[in-house]
Every structure is written in C-alpha cells, then in structure tokens.
Number of protein chains: 2
Amino acid sequence: MKVVIIGGVAGGATAAARLRRLNEAAEIVIIERTGYVSYANCGLPYYIGGVITDRAKLTLQTPESFWNRFRIDVRVRQEAVSIDRDARTVSIRRLDDGSVYAERYDKLILSPGARPVDPGVPGTDSERLFTLRTVEDTFRIHDFVEREHPQAATIVGGGFIGLEMAENLRERGLDVTVVQRGSHLMPTLDQDMAAILHNHLRKHGIRVLLDANVTGFSALDEGIRTALTEGAPLDADLAIMAVGVAPESTLAREAGLELGLRGAIKVDEHLRTSDPDIYAVGDAIEVKHAVTGKPALIALAGPANKQGRIAADNICGIDRTFKGSQGSSVLKMFDLTVATTGLTLRAAQAAGLAADAVVLTPANHATYYPGSESLVMKVVFEQNTGRILGAQIVGGAGSDKRIDVIATAIRAGMDATDLTELDLAYAPPYASAKDPVNMAGYLIENILEGRVEQVGWSEALELAACEHGSEAGPVLLDTRTADEVARGSVEGALHVPLDELRERLDELPSSGRRLLVFCQSGLRSYVACRILTQHGFSCANVSGGYGFLEQTLR
Amino acid sequence: MKVVIIGGVAGGATAAARLRRLNEAAEIVIIERTGYVSYANCGLPYYIGGVITDRAKLTLQTPESFWNRFRIDVRVRQEAVSIDRDARTVSIRRLDDGSVYAERYDKLILSPGARPVDPGVPGTDSERLFTLRTVEDTFRIHDFVEREHPQAATIVGGGFIGLEMAENLRERGLDVTVVQRGSHLMPTLDQDMAAILHNHLRKHGIRVLLDANVTGFSALDEGIRTALTEGAPLDADLAIMAVGVAPESTLAREAGLELGLRGAIKVDEHLRTSDPDIYAVGDAIEVKHAVTGKPALIALAGPANKQGRIAADNICGIDRTFKGSQGSSVLKMFDLTVATTGLTLRAAQAAGLAADAVVLTPANHATYYPGSESLVMKVVFEQNTGRILGAQIVGGAGSDKRIDVIATAIRAGMDATDLTELDLAYAPPYASAKDPVNMAGYLIENILEGRVEQVGWSEALELAACEHGSEAGPVLLDTRTADEVARGSVEGALHVPLDELRERLDELPSSGRRLLVFCQSGLRSYVACRILTQHGFSCANVSGGYGFLEQTLR
Ligand SMILES: Cc1cc2nc3c(=O)[nH]c(=O)nc-3n(C[C@H](O)[C@H](O)[C@H](O)COP(=O)(O)OP(=O)(O)OC[C@H]3O[C@@H](n4cnc5c(N)ncnc54)[C@H](O)[C@@H]3O)c2cc1C
Ligand SMILES: Cc1cc2nc3c(=O)[nH]c(=O)nc-3n(C[C@H](O)[C@H](O)[C@H](O)COP(=O)(O)OP(=O)(O)OC[C@H]3O[C@@H](n4cnc5c(N)ncnc54)[C@H](O)[C@@H]3O)c2cc1C
Ligand SMILES: CC(C)(COP(=O)(O)OP(=O)(O)OC[C@H]1O[C@@H](n2cnc3c(N)ncnc32)[C@H](O)[C@@H]1OP(=O)(O)O)[C@@H](O)C(=O)NCCC(=O)NCCS
Ligand SMILES: CC(C)(COP(=O)(O)OP(=O)(O)OC[C@H]1O[C@@H](n2cnc3c(N)ncnc32)[C@H](O)[C@@H]1OP(=O)(O)O)[C@@H](O)C(=O)NCCC(=O)NCCS
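Remember, it's a predicted structure, so these values are computed and weren't measured experimentally. (Residues numbered from 1 in each chain as written. Chains lettered and ligands numbered in written order. Predicted model: local features only at pLDDT ≥ 70, side-chain atom pairs only at ≥ 80, totals over all residues. Heavy atoms only, no water.)

Visitor: Which parts of the structure should I look at to understand the site of ligand 1?
Guide: Within the structure, ligand 1 sits among 34 residues, and Glu32(A), Tyr39(A), Ser111(A), Arg133(A) and Asp283(A) are positioned closest to it. Residues lining ligand 1 come from chains A and B. The separation between an oxygen atom of ligand 1 and a polar side-chain atom of Asp283(A) is 2.7 Å. Between ligand 1 and Ala301(A), the relevant distance is 2.9 Å, taken from an oxygen atom to a main-chain nitrogen or oxygen of the residue. (Near = heavy atom within 4 Å. Polar contact = N/O pair within 3.5 Å; in protein donor to acceptor, adjacent residues only side chain to side chain.)

Following this line, the structure appears as structure tokens:
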C-alpha cells in the first residue's frame, strides 16, 4: 500500500506516524510545500516574541528524523499542484527548480491546512505587511524585527493569531494597535466577556480599535500606513494581517471533490472525501459542530491531530469515526487566560437554540489560602433541558481547568444538575469545596427550577432607565454594604444592604413594582431575591453583579 | 417547620444556608460542639504552617453573621447528647455550664463529621501529642509551636492530614519524620505512584518510615517518644496523630438509626436515615462509591457540601438524590501535586474488577514553550470494556486539571476511546495538541485493541531475572540512545536504539524469545514493539519506561 499525504504538519504528520505504527510495509510519502514539517504552528508567535529562543524547538521532527524513526519519505519544498483521481496520481512541483513529477497513490490524505484570509484591499503587497502561518513567515517577521527595531505595529484582526502577535510584539516593547472589524475581539467570546479582554489589553498598553474597517495599506518613507473607513489612518513600522483563515482547498476543488461551508472539503465520519481513496483532515475540512450538529469550520490543532490519527486508522482497516468538534480553545494574554468551549450565547441563539447563560465570578481556589484570584465565568445552557452548550472563562490560573472540565461535560451531554454533581478534586490551593463548575450548575438549576429570575445588565439598565420616573416601572436595588456603594454604584438605584433587608422591606416600593436586584457578584442579590420572592415581591437578580458591570460595560 | 442541624461546618452549615434560601419561614437551629461554625477544616494545617496568618480567615461565617444574613440560630459550644426520636427532640448540653435542655425538631440533619481514629496504644494522653480536626485543635498546635519552638516532630500517619502537617511543620523549619503503618503513604495512590511522593518528601528533608507500627507514646524530659514495634523509638518535641478518621456516629447509634460500614450512618439516595425525619450528610455517612457501586466511606469536603444542599432540598420538598462519591482528591506537597480520582489499580482489583492501568509521563504543556514539566499519570481501566475506573497524577502544574477532566469522564461513564475524543483547550502555555488525557486514551486503546502488550516493571524485572541464563526466557531490550544508556540502564538489558532497530533486527535473539522492550517513557518502546510485532517477534512494552523505574523503585 502506498499512501501519499499532502501537508506535513498537525494532521499530516500525525497521520503519517500513526500509519507507520500500524503498517510497517506501507510506503508513506509526505509532500510539504514549506521547508519544514511537523512544525509548531502554535509556537510561532512566541518565537517572534523572544519567549522561545531556539529555532530548533519550532520543529518536532525533520525529514531526517522522520526517515530514521518512521521510514517516512518527507519531501519539503514540494507542492502538490493537481490530483488525477482516475490515474490515482498527484502531480508535484519541486519549488527549488520548478520541475514537476507525478506520484502514484493507493490512498491519499489531504492535510493542507488553511491560509490567511486576504481582505482584498489595496497595498497588501507591502514589504512591511506580514501574515503568519509557516516557519518561513515567522522568520520573516522575526528577522524584520531584529533588523529594523520597529517602534510600532498595527495588527489587523483580533482573533487568536492577531492577539498572540499583539502580546508578543508588545512584550518586545512595541507600540501596538489592534484593529478589529466587529464590535469585539475574539469571536469565541460574547461581547460582555470580550470587554474584559479589551480592558486587559489596554492595561498592558495595547490600543484596541473596534468597529474599524481597513480600506488599504500604503507605504510611508519608513513605515506602513493602514487606512480605515473612519478616523485617522494608523502609521506603524510594520503591520500584521490576521483576519482569519480560509480552508486551503484549491487542490480538492480542482480535483472535483465535494466541498462544503466556505469551500472546505466535505468528509464523512470516517474522514473520507467524496472520493473513497482520498481522506482529508485538519483546517481544510468541514466538520460537524459537536454541540449544534451543524457544519462548521474549526481550525485548531487538537482536532487536526485527532483527525490525522483517525484517517490513518481507517486506511489501515480500523473502523474509527470523528464525531465532531466543539471548538475548545485557550489563549494566554499577558497574565490573563481566555478559555472557551462550545457555543457562546450569541452563537447558541443564532443556531436557533433557546439558550440563556449565567455569569459568575468564583475564586479559582479557597480565598483563605493565599493567592486566590477570581475567574469570570459565563456558562451557556439550553433553557428547556438544562443541557450545557458552552462556556467562556476569563481569568487567572485555573481558567483552563474549568473549561476542560466543562468541555468534557458537554461532550458527555451533561446538564446543569450533572455539573452540580461532578466530584472534583478539592484542596485549598487548587479549588473550593464547591468548585466553580459545581457552582455554575447551581446557578443554572436555580433558574431552571424557577427559584430565581435573572436579568442581564443591559436589559436591567434599559428597563430601569425607560421607566424612570414612572411610578410602576422596575427599580434597581443595590444590596451591597454602604462601603461598597460609596465606591460606586448605579445612579438611581435604591440601597438596602442584604443583611438589613428583612427589617427594611417596608422601605421598598410596593404595588408590584419589579425589583432588579444586584450586589457585587450576584450571590447576595440572589439571596435577597429569595427573601423578596417569599415576601411577595416581584424581582430579578442582575446577572454577574456590579463587578461584572464594572469590568464589562465601562 | 423547625429544622435542627447537628454540626455546623461543611455539611451542616451548607444545609442551613440552603434551607433558609428555600424557606424564609422555617426555624433553623445549628448545634455545634466547638466554639466555631463554618470553619475551613482544610485550611487548618496552613494556619499552623504560617501560610494563612489571619485567624479570622479560618471561619467563613460566625454565629452573628449567620444570624444577620440567614436568621439561623447557631449555638456554639453546645453538644447534642441524645436524640429522642419518638418525641422528636434532641437533648443538648451547654459545654460552658454543663446544663442540658431539649430542643424539638420537625426535621433533624446530622452532620457531625468524623473524629481522628484513636490507635489504642498507651500514652496518647501526652500534652505533646496532637490531633487535628477543629479550630481549637489548630490553635493548640499553633500555640505550642509558637511557645515551645520545637525542633522535631513525629507525624504518625501518612494520609492527607498527616502529610499536610508534615509539609507545614517542615516549612517552619522542623525536623519531620512521618511514620506509616503500610508500605506506602497516601492510600489513594498505588505503591508505585506513592514512591514518587516518598522521594519528594525525602528531597525536602522529611524522613519517611514505612511499614512501621507505633506501639505507644511516652514522655521525655522535654519531648515525646514514639515507640515502634521494630527499630529505635523516635524522639521529638511534638507528635501528631493522624491515622485516619472514623465516622462520628455515636449519637445516631444510640438513637437506634441504622448504621453501615465501620459504623457510618446509613442513608438512602435522598440522604434520609432509617428515620424519615432524620437526614445525615458528610463524613459521618456511608455512601455509594460511584465507580464500584459498593458502600464506601469518603471523608471529603466536596461531597459533604453537596450532600448538605441535597438534604436541605429534600426537606423542602425538592426531589434530589446523591448518586455517590468517587473520592476525587488533591494534595499539595511542596511543589508537587498529588491528585487522584476513582479507584487505584489495587482497589479496582480488590473490588473484583478485571482492571489494568497505563502509566505515562506527558509534559503538562507543549515542551517548546518554556516551563513545561512532566506529569506522572496512571490511568486505571476495565479490561473488557475500556471503561475508565480511576486515575492518579503526581506532578507539577496541570495535574489537578487532568484529574478533574478524568473525574468528569468517569462520572459520565466514559471509556478509553471517549478519552481520545475529548475536545480540550490547547495553546502552548497550557497543554499539548494531544492532551495528556487524550494520550492516556490512546495508550489504553492500543492495549485493548491488541496492538501492543504491556508489562509492569516488577513483572518485567522478575521475568528477566528468573529466566536469566535460560536460552528461551524473556530478554529486556533498551531502545534508548547510547547517551541515555550511558547514564544508567537495567543490568543485562540488550541495547538497540529505536532509530537503528529496523537494520539490527538480526542482532535480536530469535527462536521466539519474548522481548520486554523499554525506553525512557514508554513511547519509543511502543513504537519499537509495533515494528517488532510486525516482524514476527514476541514482545511487550514495559509500562512507564526507565524514567518510571528510576522514580518509583529506587
Ligand atoms: C500562528 C498560529 C498559532 C496557532 N495557535 C494555535 C493554538 O494555540 N491552539 C490551536 O489549537 N491551534 C492553533 N493554531 C492552529 C493550528 O496550528 C492548526 O489548526 C493546525 O496546524 C491545522 O493542522 P493542519 O494539518 O490542518 O494544517 P497545517 O498544520 O497548517 O499544515 C498544513 C501544511 O500543508 C502544507 N500545504 C498546503 N497545501 C499544500 C500543497 N498543495 N502541497 C504541499 N503542501 C501543502 C502547508 O505548507 C502546511 O505546512 C495556530 C496556528 C497558527 C498559524
Ligand atoms: C486538617 C484537615 C484538612 C482537610 N483537608 C481537606 C481537603 O483538602 N480537601 C477535602 O476535600 N477535605 C479535607 N478535609 C476533610 C473535610 O474537612 C471534611 O470532609 C468535611 O469537613 C466534612 O464535613 P462534615 O460536615 O461531615 O463534618 P465537619 O466539617 O467535620 O463538621 C462536623 C462538626 O460537627 C460537630 N459535632 C460533632 N458531633 C457533634 C455533636 N454531638 N453535637 C454538636 N456538634 C457536633 C463537630 O464539632 C464539627 O465541628 C480536611 C479535614 C481536616 C480535619
Ligand atoms: C511530531 C508528530 C509527528 C508526532 O506524531 P505522533 O507520533 O502521532 O505523536 P506522539 O509523538 O505524541 O506519540 C503519540 C503516540 O505514542 C503513543 N504513546 C505516547 N506515550 C506513550 C507511552 N508512555 N507508552 C506507550 N505509548 C505511548 C501514543 O499512544 C501514540 O501512539 P498511537 O497514535 O499509535 O496510539 C506530530 O504530532 C506533529 O507533527 N506535531 C507537530 C505539528 C503540530 O501538531 N502542530 C500544531 C500544534 S503546535
Ligand atoms: C460558608 C457556608 C455556610 C456557605 O454556604 P452556602 O451559602 O451554601 O454557599 P456559598 O456562599 O458558596 O453560596 C452558594 C449559593 O450561592 C449561589 N450563588 C453563588 N454565586 C452566585 C452568583 N454569582 N449569582 C447567583 N447565585 C450565586 C449558589 O447557587 C448557591 O445557592 P444555592 O445553594 O441556593 O443554589 C458553607 O459553605 C460553609 O460553612 N463552609 C465552610 C465549611 C467547609 O465547607 N469546610 C470544608 C472545606 S474547607
């Protein structure tokens, strides 16, 4: 059996190694356009930032090591230019001399990845404008930075790669501006959670321009100008274009393979394309979203690695299926961790799910043990069933842990009550006896079982403002202590500290006016709502509390 | 409705708070023997160690704050001495004046916890011998340490509390000896994994005496002597007795409630005792082990908190069940994390399960990103089904994360293939594209699907030694590089580096001799086994590799 693999990194290299472990006799060839295989895409920004200093660390294997260990024939700087499915050959161009040859296959695996999206504006050919996908791209940026000692950088695009580049260039001392088309950075976050990230970037001296459309780039004497539809253009020494990636599916399309969403390669559960001898994996394929069940593009290394192994298994006669991706991801942004899994509230609603979310700010470990920090957690659930649909956590240590736990719970189809029952490891330096994940389950359960109603800040502020002056409209009620209120509250809010509430019920507006109750985190106001409800008041808990308002809406 | 709760800490205080949130009208009374409620049992060792310095931080609520917030009537320094189930009263002794009174209840919740096991040897009344369970115990030890400036401590018992005390006293500069009856510390670990912990304690200057039986304590002029069945007695300035806890069930027994394992209070899924008006929660009850389904005692704060809430719910007419504990736990020991969930291999086998385990030593995050450390992971599975039964991880940062993920997977009844499919969040500072948990799934899957056989080190060494000299017996094969071998290997092992294996197959003993193949971690030897198997050799992979041997058996 002869297997040819196009693309020698996450999906391709993993498939090749697994194929060899399964079959000593197979002939295995990897065709790779760049000069490197098995490279650490995800480490590239850190090489530019000087966090990783050894070039050798960027590649996990070389053609030689692949040969020595696995007898895999790796051909770098060769590009697959077409597939002849009838003849079962790939034609390959040697980039060093331009010569082309044909390679026969019994099975073909496509793992060509994705390419940076080209926004189609003028000036993208500037020498000072970079994209980042390969080792060569990395060295290009790195060498530019070393040589030119740039002072300022414009980053176009606020997804993973844009932000990792922003952090790394900022750590090297550059003035960094991130330009984002939409209303917030990181599409894996809802707007409110992203606001925390925006503040963090600003705290670290990065300028964040939202709702800004780039109309083109132009050369300056010693720099590059990024023009925007509105406002002054941005001048910098270099610019990075990171406005997303698109499936690298030209080869597949030209070979007549069936394509799906945004041109991604369509595969079945066995990762077979519409041609039974051709498999495809990684960023180039359309997958099933594990939560919505709908087609999705999820360009992440974990799924690519898993898919590579699954394709190899199926080629070797082991029946293995890929059941879908849920997009679990994590980003380090200075000392902040931004971790997500499954759907945002917005994505859940867009997918037609009756979804809601809770917001909580638990400590990452027992507060009496030194060094605890609070996490901001948003957990999205389905209203009728309590099924967990997604989660977003922004915070310090332990954020990634809770996301992985919830990712596992989502995988298992768990609901809110299941979260409350999770038996997680507790000791003061690591967690709380009620782990943040259990706590999220409690919050959701209380809503589902009708013990408390909740309202988001934007709705609460709107309701309270609209009805301002009206005798019957909703009233904001601040249940924090006088000290806390003195440090800031919402204008016009009534104030009765929780611990005095039972005695001061007669001070509250009667006649059925709805109370929108808040405290710092949502906990005391929840307790207040329980008291109020049982005393016949109509009330709702403002989700996330004043702390969340301060972190997100300011 | 009037609810009386005996014991005002993890289970009891949580039940009380939840009761109030559910029912403003209930009368809620907490009876607590010590002078404190809602105290942080789990933080107590750290107060002694000086890590927590503020006494106030040891209690999360006071009787006053409980009253102010929850209108809960907390009576400290009062002991429930008997229950009259017919009259539905509890008789209570005021410890300050010895007076006794009766308190009526509609529903009673028992959350009396556990008490330190008394080993029944002479001399336990010594003033220099301490146990640790309450705030008072803590101050007693703390004051002793502050006053007497002890130089040396003997810790009897190597479970959680013994080890946390060992760490904290060591951090204060004492010479610490831990005496353990069994062959290893921490019953939540298998022997091999515990060995890593032993080495770590020794590295931090703690003496570990295993298989040592304490026969009694006696006073020295200025100290305490701990006598052992064998060997010299241990002299120290103080001794801590921490040989486990026993359910505090005297009250329940005397009231005629049904008891179970080791005298623990029997409850149904709703946490109701054999008396429908009496609920019991926490360390005092017998639970169902979530993995074996058998009765178990699991004295941990997470389950106690969960159970307290469940009991309150049932009392208030919300149908809620406790489905069992799986004993997830974590311990910080200097810079090492020891985390476990579910069953050890030993416990699984003792429970009659056809269990096996894999050992792996993955990095906690991408090795090319600075600061990665390896975790030692042992994952226990059921042989016929691949169901995950338990896991133990000893290592640095990220150990607790993987245990919580596996704990969640166990809760969901996942098998090895499910682990391989978990969609976990990956970026270089946090994980690897194949997360350690996925990797554990791969290892198990390869065994279950017959792609590789494995053998443990003790069996491998025994087999190779027994058959030493015999022409047909098994042979150890070291597949590491010459450099690695030069730093140490197993005597008598053949040596062929993996990358030379294919060319040097003819150097291997033929005639069907079984090859017991190892490398540093098990990865290269697995690849070697795949090559050897396909070339007709009989072989097995030595689980965990030479690294595990070095860490565990030396
Ligand atoms: C800077 C950066 C940071 C990232 N960080 C993270 C992260 O933290 N976490 C995460 O999960 N993911 C991250 N990713 C995404 C992750 O790297 C990808 O999802 C993953 O590598 C996809 O694997 P793949 O095999 O599909 O494609 P790739 O790994 O991109 O490999 C595709 C290879 O195919 C080659 N190729 C394409 N077409 C041809 C052709 N016609 N002939 C020959 N060769 C061809 C390409 O040169 C490329 O080397 C990051 C990506 C980048 C660029
Ligand atoms: C030093 C130490 C460290 C620990 N570390 C951890 C850890 O890191 N992680 C973890 O999960 N668990 C840990 N635990 C265990 C955890 O604290 C217990 O599992 C948990 O507190 C059990 O809750 P409970 O309500 O059953 O009992 P407790 O919290 O012990 O509360 C029982 C209370 O009942 C009172 N009481 C008993 N009988 C009577 C009576 N007749 N009348 C009135 N009052 C009575 C007792 O005085 C006691 O205050 C630790 C325990 C200790 C002692
Ligand atoms: C380097 C690379 C080729 C390795 O592929 P690989 O050999 O499949 O992966 P690993 O080295 O992690 O080894 C995993 C294999 O070893 C086995 N293994 C790992 N530890 C083991 C142990 N202790 N004992 C036994 N087997 C072990 C696993 O079961 C698995 O084998 P299987 O797939 O046959 O089940 C590939 O991962 C790669 O190119 N990575 C870089 C590109 C990339 O992923 N980029 C994106 C992220 S930066
Ligand atoms: C202090 C103590 C009484 C608190 O009990 P509690 O009120 O049940 O617990 P918390 O303060 O964590 O609050 C949890 C409640 O607030 C709710 N909550 C928490 N954050 C919230 C938020 N942001 N918005 C809305 N509700 C929130 C939860 O849903 C839960 O309410 P519920 O049980 O009605 O669903 C109890 O935990 C205790 O005594 N602990 C110390 C003893 C101990 O546990 N020792 C062992 C470990 S050291």
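Visitor: Sorry if this is basic, but what is going on with the sheet that holds strand 14 (residues 223-228) of chain A here?
Guide: For sheets, the rule is that strands pair by backbone hydrogen bonds, running either parallel or antiparallel. Residue and element names in this part refer to chain A. Within the open sheet, the 3 strands sit side by side as 13-14-15. Their pairing is antiparallel. The open sheet has two edge strands, strand 13 (214-220) and strand 15 (234-236), and neither has a second partner. Averaged over neighbouring strand pairs, the angle between their axes works out to 20° when direction is ignored. With 3 bridges joining them, strand 14 and strand 15 adopt antiparallel strand pairing. (Pairing = 2+ DSSP bridges. Helix = DSSP H or I, 4+ residues; strand = E, 2+ residues; numbered from the N terminus. Axes fitted to C-alpha atoms, helices over the stretch in contact; angles between N-to-C directions.)

Visitor: I would appreciate a short explanation of the side chain of Asp435(A) in the present structure.
Guide: You can see Asp435(A) is positioned in the loop between helix 11 (416-421) and helix 12 (436-448). Apart from residues lying up to four places away in sequence, Asp435(A) is in contact with Arg402(A) and Leu424(A). (Contact = heavy atoms within 4.5 Å.)

Visitor: What exactly am I supposed to notice about the sheet that holds strand 6 (residues 100-104) of chain A here?
Guide: All names here are of chain A. Read across the sheet, 3 strands follow the order 4-5-6 without closing on themselves; strand pairing throughout is antiparallel. At either margin of the open sheet sits one strand with a lone partner, and together these are strand 4 (78-84) and strand 6. Adjacent strand axes in the sheet meet at a mean angle of 30° when their direction is disregarded. Note: strand 5 (residues 89-94) against strand 6, 5 bridges, orientation antiparallel.

Visitor: I keep staring at the pattern of salt bridges and nothing clicks. Help me out?
Guide: Opposite charge on two side chains permits them to pair, given that their charged atoms come into close proximity. Tallied over the full model, the rule gives 88 salt bridges over all chains. With a closest N to O distance of 2.9 Å, Glu449(A) and Arg320(B) form a salt bridge. Note that Glu449(A) is positioned in the loop between helix 12 and strand 26 (454-455) and Arg320(B) in the loop between helix 8 (301-315) and strand 21 (329-333), a pairing that runs across two chains. Relative accessible area serves as the criterion here: at 36%, Glu449(A) is assigned to the partly exposed category. (Salt bridge = Lys/Arg side-chain N within 4 Å of Asp/Glu carboxyl O. Buried < 20%, exposed > 50% of the residue type's maximum accessible area, 1.4 Å probe, protein only.)

Visitor: Help me understand the interface of chain A and chain B in this model?
Guide: Reports often express the size of an interface as the amount of accessible area lost when the parts come together. Chain A puts 83 residues into the contact, and the matching count from chain B is 83 residues. The partner of Lys401(B) in a salt bridge is Asp400(A), and the shortest N-O contact between them spans 2.7 Å. Between chain A and chain B we count 38 residue pairs in polar contact (both at pLDDT 80 or more) in total. Looking at the side of chain A that touches chain B element by element, the count peaks at 9 residues for helix 10 (residues 399-411) of chain A. In the side of chain A that touches chain B, the residues fall into 36 nonpolar, 20 polar and 27 charged. (Nonpolar A, V, L, I, M, F, W, Y, C, P; charged D, E, K, R; others polar.)

Visitor: Which parts of the structure should I look at to understand the relation of the copies chain A and chain B?
Guide: The pair of chain copies shares a relation made of a rotation about an axis and a shift along it. Once chain A has been moved 0.0 Å along the axis and rotated by 180°, it coincides with chain B to within an RMSD of 0.0 Å. Taken together, the rotation angle and the small translation identify this as a two-fold axis. Most of the interface of chain A is mirrored in chain B: 100% of its interface residues are interface residues there too. (Least-squares fit on C-alpha atoms with pLDDT ≥ 70 in both.)

Visitor: Is there a simple way to explain the site of ligand 4 in this structure?
Guide: Lining the immediate environment of ligand 4, one finds 32 residues, of which Asn446(A), Tyr526(A), Arg18(B), Arg21(B) and Ser38(B) sit closest. This site is not confined to one chain, since residues near ligand 4 come from chains A and B. One of the side-chain nitrogen or oxygen atoms of Asn305(B) is found 3.2 Å away from an oxygen atom of ligand 4. Within the side chain of Arg309(B), a nitrogen or oxygen atom sits 2.8 Å from an oxygen atom of ligand 4. Bound to the protein, ligand 4 loses 90% of the 970 Å² it would expose on its own. Among the elements of the structure, strand 23 (355-360), helix 12 and helix 15 (523-534) of chain A together with helix 1 (10-22) and helix 8 of chain B are those that each provide at least two residues to the shell around ligand 4. With 6 residues, the single largest contributor to the shell around ligand 4 is helix 1 of chain B. (Areas by Shrake-Rupley, 256 points an atom, 1.4 Å probe, with all protein chains shown as cover.)

Visitor: Could you clarify how one ought to interpret helix 1 (residues 10-22) of chain A in this entry?
Guide: Every α-helix winds through 3.6 residues per turn, so residues three or four apart in the chain are directed the same way. All names here are of chain A. Between its first and last C-alpha atoms helix 1 spans 18 Å; for 13 residues at 1.5 Å apiece the expected length is 18 Å, and the two agree. Of all the 13 residues making up helix 1, 12 are buried; the element is thus mostly covered by neighbouring parts of the structure. Buried within helix 1 we find Gly11, Gly12, Ala13, Thr14, Ala15, Ala16, Ala17, Arg18, Leu19, Arg20, Arg21 and Leu22. (Expected span 1.5 Å × (residues − 1).)

Visitor: What am I meant to see in the packing of aromatic side chains here?
Guide: Residues and elements named next belong to chain A. Within the structure shown, the criterion is met by 14 aromatic pairs over all chains. For the pair phenylalanine 66 and phenylalanine 70, a centre-to-centre distance of 5.9 Å together with 50° between the ring planes defines the contact as tilted. Separated by 4 residues within a single helix, phenylalanine 66 and phenylalanine 70 lie in helix 3 (residues 63-70), roughly one turn from each other. Each member of the pair, phenylalanine 66 as well as phenylalanine 70, is classed as buried. A cation sits over an aromatic face here: arginine 55 above phenylalanine 139, 3.7 Å from the ring centre. (Phe/Tyr/Trp six-rings, centres within 6.5 Å; stacked < 30°, edge-to-face > 60°. Lys NZ or Arg CZ within 6 Å of the ring centre and 35° of its normal.)

Visitor: Can you help me understand the side chain of Asn446(A) in this one?
Guide: Along the polypeptide, Asn446(A) turns up in helix 12. On the basis of relative accessibility, which here comes to 5%, the residue Asn446(A) falls in the buried class. A polar contact is formed between the side chain of Asn446(A) and the side chain of Tyr526(A), at a distance of 3.1 Å. Excluding anything up to four places from it in sequence, Asn446(A) contacts Arg451(A), Val452(A), Tyr526(A), Arg18(B) and Arg309(B).

Visitor: Help me understand unusual backbone geometry, please; the structure alone is not making it clear to me.
Guide: Glycine aside, negative phi is the norm for most residues, and most peptide bonds take the trans geometry. Positive phi, normally seen in glycine, also occurs at Met186(A), with a value near 55°. Structurally, the position occupied by Met186(A) is in the loop between strand 11 (175-179) and helix 6 (191-203). Even without being a glycine, Ser38(B) presents a positive backbone phi close to 45°. Judged by relative accessible area, which is 9%, Ser38(B) ranks as buried.

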